[in-house]
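# Observations on the three-dimensional arrangement
These are the residues of each chain, in order.
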2 protein chains.
Amino acid sequence: MTGSMQVRELFKEYGGEVDATLRNFLLEKDQGLEMYGHMAYFMGFADENLQPIETYGGKRFRSSVCLMLADWFGAKEPAVPVASAIELFHNFTLIHDDIVDGDTYRRGRKTVWNVWGKDHAINSGDAQLLLVYQILSQNSVLTEGQLLQIQHFLTKQYLRVAEGQYLDFTLTTARLDDHFVTEDRYFEMIGRKTAALIAAATKSAGMVAGLGEPEQEALYQYGYNLGVAYQVCDDMVSIWGTSKQTGKRTGGDVLERKKTLPILRALEQLPESGRRSLLEYYHDVTDATEKDVQEVVSLLDSIDMYEQMKKVVSDKADIAKSMITILPITTDQQQTMGEVVDILLPDIKSA
Amino acid sequence: MTGSMQVRELFKEYGGEVDATLRNFLLEKDQGLEMYGHMAYFMGFADENLQPIETYGGKRFRSSVCLMLADWFGAKEPAVPVASAIELFHNFTLIHDDIVDGDTYRRGRKTVWNVWGKDHAINSGDAQLLLVYQILSQNSVLTEGQLLQIQHFLTKQYLRVAEGQYLDFTLTTARLDDHFVTEDRYFEMIGRKTAALIAAATKSAGMVAGLGEPEQEALYQYGYNLGVAYQVCDDMVSIWGTSKQTGKRTGGDVLERKKTLPILRALEQLPESGRRSLLEYYHDVTDATEKDVQEVVSLLDSIDMYEQMKKVVSDKADIAKSMITILPITTDQQQTMGEVVDILLPDIKSA
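Read on for an overview of the structure. (Residues numbered from 1 in each chain as written. Chains lettered and ligands numbered in written order. Predicted model: local features only at pLDDT ≥ 70, side-chain atom pairs only at ≥ 80, totals over all residues. Heavy atoms only, no water.)

Here helix 6 (residues 118-136) of chain A contains 19 residues, and its C-alpha end-to-end distance of 27 Å stays within 8% of the 27 Å for a straight helix at 1.5 Å per residue. With 17 of 19 residues buried, helix 6 of chain A lies mostly within the body of the structure. (Helix = DSSP H or I, 4+ residues; strand = E, 2+ residues; numbered from the N terminus. Expected span 1.5 Å × (residues − 1). Buried < 20%, exposed > 50% of the residue type's maximum accessible area, 1.4 Å probe, protein only.)

To continue, consider the relation of the copies chain B and chain A. With an RMSD of 0.0 Å, chain B superimposes on chain A once it is rotated by 180° and translated 0.0 Å along the axis. Both copies are brought into coincidence by an operation consistent with a two-fold rotation axis. For chain B, the smallest separation between a C-alpha atom and the rotation axis is recorded for glutamate 144 of chain B, amounting to 3.0 Å. The share of interface residues of chain B whose copies in chain A are also at the interface is 97%, consistent with both copies meeting through the same surface. (Least-squares fit on C-alpha atoms with pLDDT ≥ 70 in both. Contact = heavy atoms within 4.5 Å.)

Across all of its chains, the model carries 21 aromatic pairs over all chains by this definition. Judged by centre distance (5.2 Å) and plane angle (85°), the ring pair of tyrosine 41 of chain A and tryptophan 116 of chain A falls under edge-to-face. With tyrosine 41 of chain A in helix 2 (residues 34-43) and tryptophan 116 of chain A in helix 5 (residues 112-116), this pair connects stretches of sequence that are 75 residues apart. Here tyrosine 41 of chain A falls in the buried class, since its relative accessible area comes to 2%. On the basis of relative accessibility, which here comes to 18%, the residue tryptophan 116 of chain A falls in the buried class. Geometrically, the ring pair formed by tyrosine 133 of chain B and tyrosine 158 of chain B is edge-to-face, given 6.3 Å between the ring centres and 85° between the ring planes. In this pair, tyrosine 133 of chain B is assigned in helix 6 (residues 118-136) and tyrosine 158 of chain B in helix 7 (residues 144-173), connecting sequence segments 25 residues apart. Classification of tyrosine 133 of chain B as buried rests on a relative accessible area of 3%. (Phe/Tyr/Trp six-rings, centres within 6.5 Å; stacked < 30°, edge-to-face > 60°.)

What follows concerns the environment of lysine 12 of chain A. Looking at the secondary structure, you find lysine 12 of chain A in helix 1 (residues 3-29). The sequence separation of lysine 12 of chain A and lysine 59 of chain A amounts to 47 residues, and the corresponding C-alpha distance is 8.2 Å.

Time to look at the pattern of salt bridges. With the rule as written, the count across this model stands at 29 salt bridges over all chains. With a shortest N-O distance of 3.7 Å, lysine 258 of chain A and glutamate 256 of chain A are connected by a salt bridge. Using a relative accessible area of 31% as the deciding quantity, one classes lysine 258 of chain A as partly exposed. Aspartate 347 of chain B serves as the salt-bridge partner of lysine 310 of chain B, at 3.0 Å between the closest nitrogen and oxygen. In this pair, lysine 310 of chain B sits in helix 15 (residues 305-322) while aspartate 347 of chain B sits in the segment after helix 16 (331-344), placing the two residues 37 residues apart along the sequence. Judged by its relative accessible area of 39%, lysine 310 of chain B is partly exposed. Each member of the salt-bridge network shares a partner with another, and the members are Glu163, Glu188 and Arg192 of chain A. (Salt bridge = Lys/Arg side-chain N within 4 Å of Asp/Glu carboxyl O.)

Attention now goes to the interface of chain B and chain A. Contacts between the two partners involve 39 residues from chain B, matched on the other side by 38 residues from chain A. Roughly 3,600 Å² of surface becomes buried between chain B and chain A when both sides are summed, with 71% attributable to carbon and sulfur atoms. In terms of surface lost to chain A, no three residues of chain B exceed Leu130, Leu159 and Tyr166 of chain B, which account for 19% of the buried area on that side. Residue assignment for the side of chain B that touches chain A shows that the elements contributing at least two residues are helix 2 (34-43), helix 4 (76-101), helix 6 and helix 7 of chain B. Counted by class, the side of chain B that touches chain A contains 21 nonpolar, eleven polar and seven charged residues. (Buried area = accessible area lost by both parts, 1.4 Å probe. Nonpolar A, V, L, I, M, F, W, Y, C, P; charged D, E, K, R; others polar.)

This is the structure in structure tokens:
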């Protein structure tokens with residue numbers, strides 16, 4: 001079995017445990033109140049008629065990595081509610097994000113608002129956020145003090161996710177040449193919107209196990225840097241990935257005039273004529289065509305932006321990997337943690 | 001000073017303490033992230049430009065009654081974060097409700113979505129719900145066990161509020177003659193949407209003070225029955241109140257075809273011709289006029305529905321008041337609790 005296959009098997013195993021916990025938790029809630037069914041539907045536990053189905057869901061990356069790490073640290077049992085809470089939180093954000101973005105499909109299925117309307121999607125999402133707190137407290141192993149400490153940490157990270165969403169809105173509505181549309185602001189945004197929750201998943205595994213501060217910090221930095229690299233990768237996919245790879249239109253982020261890292265950096269580096277073309281596309285072109293998008297991509301390619309982004313990703317990946325040796329785990333487990341990074345950050349042009 | 005004046009003074013005092021706590025809490029959060037300003041704006045601590053203003057807010061009924069009771073039980077200090085959390089939760093629900101209802105103004109000020117858009121209103125509301133948990137844990141008096149117990153109870157009540165919102169959606173979209181549009185369903189809905197949170201405010205005062213189970217249950221029933229009566233009163237105002245009393249159009253709930261108690265009961269009691277008229281109005285009349293609304297009100301008046309509703313309210317008020325004697329408070333305080341009930345449930349026709 002290759003390393004990457006082994007990681008996928010591990011994630012399937014740990015993700016499966018989280019799924020089983022969440023499935024039971026949500027199905028017990030129902031009792032005629034379909035709002036709980038909306039959540040079960042979105043998690044992939046039920047169909048549109050709210051009939052139970054074999055789980056069809058996301059990759060459960062955040063909860064899998066949390067549970068895997070906690071298991072290695074000898075604290076799997078108390079980590080199950082923690083990992084489940086983080087997964088439930090992540091999916092809550094997606095339910096509300098889908099409303100905001102107007103997305104009608106996700107993972108090949110209709111979004112909650114697309115099935116039951118925006119009113120229900122707002123309310124069922126709100127209720128799901130309350131369940132995040134309820135499931136976390138279903139914990140018979142941790143002391144009350146530990147539980148409150150972990151909850152305090154998670155709440156802070158959840159708030160960062162909302163702050164990241166706020167920063168994303170401000171970036172989206174600003175002009176590309178606005179003074180606060182900067183690379184720093186972009187990293188601040190993805191650091192909160194994406195990386196903070198992955199760091200929450202990795203660090204909380206150490207908190208549950210009662211590891212020391214240096215190990216907890218290493219876990220945080222592992223998750224955080226992995227999260228940042230993951231988001232940059234995602235932005236690369238949306239520009240250079242094929243429809244087959246993304247499941248969406250090629251160049252989606254360019255079409256939607258998203259201010260992602262390749263664009264921000266190109267604005268800094270392009271010669272004046274290219275800079276003008278890019279600004280013109282972002283501000284003046286209405287009804288962008290495939291050809292417009294291709295021209296923007298050509299501008300990026302003219303300054304090797306794909307390779308530059310690969311460098312950003314591999315630098316962050318290296319920082320994440322450098323944290324691994326600090327942890328009290330076997331050499332095999334260290335290798336697996338390295339493979340987790342590689343699997344999450346594929347080179348799409350060679351895929 | 002009359003009793004009702006005294007209650008208003010007490011509420012101003014206790015509500016003022018909660019406001020001071022929330023104001024500091026929210027203004028400290030800001031630091032360039034305007035989403036925290038959205039919350040401060042909605043609480044009445046800031047204007048649309050997010051500049052601090054003298055507090056302009058709601059009546060803070062839930063938090064005032066919580067803090068007042070806890071003070072009487074000798075546990076004011078640990079009740080401040082609890083009352084603040086409940087007030088923050090209530091206002092979070094309003095931010096999202098305003099989106100759902102499409103309401104552009106509340107308390108004479110623009111709603112959050114009306115100022116910053118629905119995307120921000122969804123996200124800032126979500127973040128406010130996270131702060132509900134953060135502020136609750138800012139508690140140096142309660143033990144960790146007490147804190148978790150109170151949080152567990154509050155989360156259950158918050159979920160009931162979301163369930164009530166869900167039930168309200170289902171009642172709103174159903175036909176008036178649908179088999180599940182019943183008086184029972186209506187009471188189930190308002191019991192969750194409105195009464196559960198008022199009961200949370202009153203019972204948690206007893207929990208903070210460590211009162212016994214019977215006293216805690218009495219506090220719950222006091223708040224719950226007061227909450228149910230309060231909602232029925234509110235429904236009466238929307239039918240029989242003048243624009244001056246409601247700040248909205250006369251007969252608003254009738255115009256919006258809301259299925260409130262007077263309507264549901266009228267459908268049961270009206271003779272066949274009246275029943276048909278009511279159903280026709282609810283299902284077939286488009287562009288209802290003032291005259292249509294007046295006809296519906298006449299139908300209700302023909303079977304003394306106003307007096308019937310007064311009876312429902314006074315029955316619930318009596319149950320609430322019957323709980324007071326169980327509590328370890330002075331006769332004066334008992335009298336004040338009775339006056340709280342009376343103030344919250346005015347007879348609008350004699351007002």
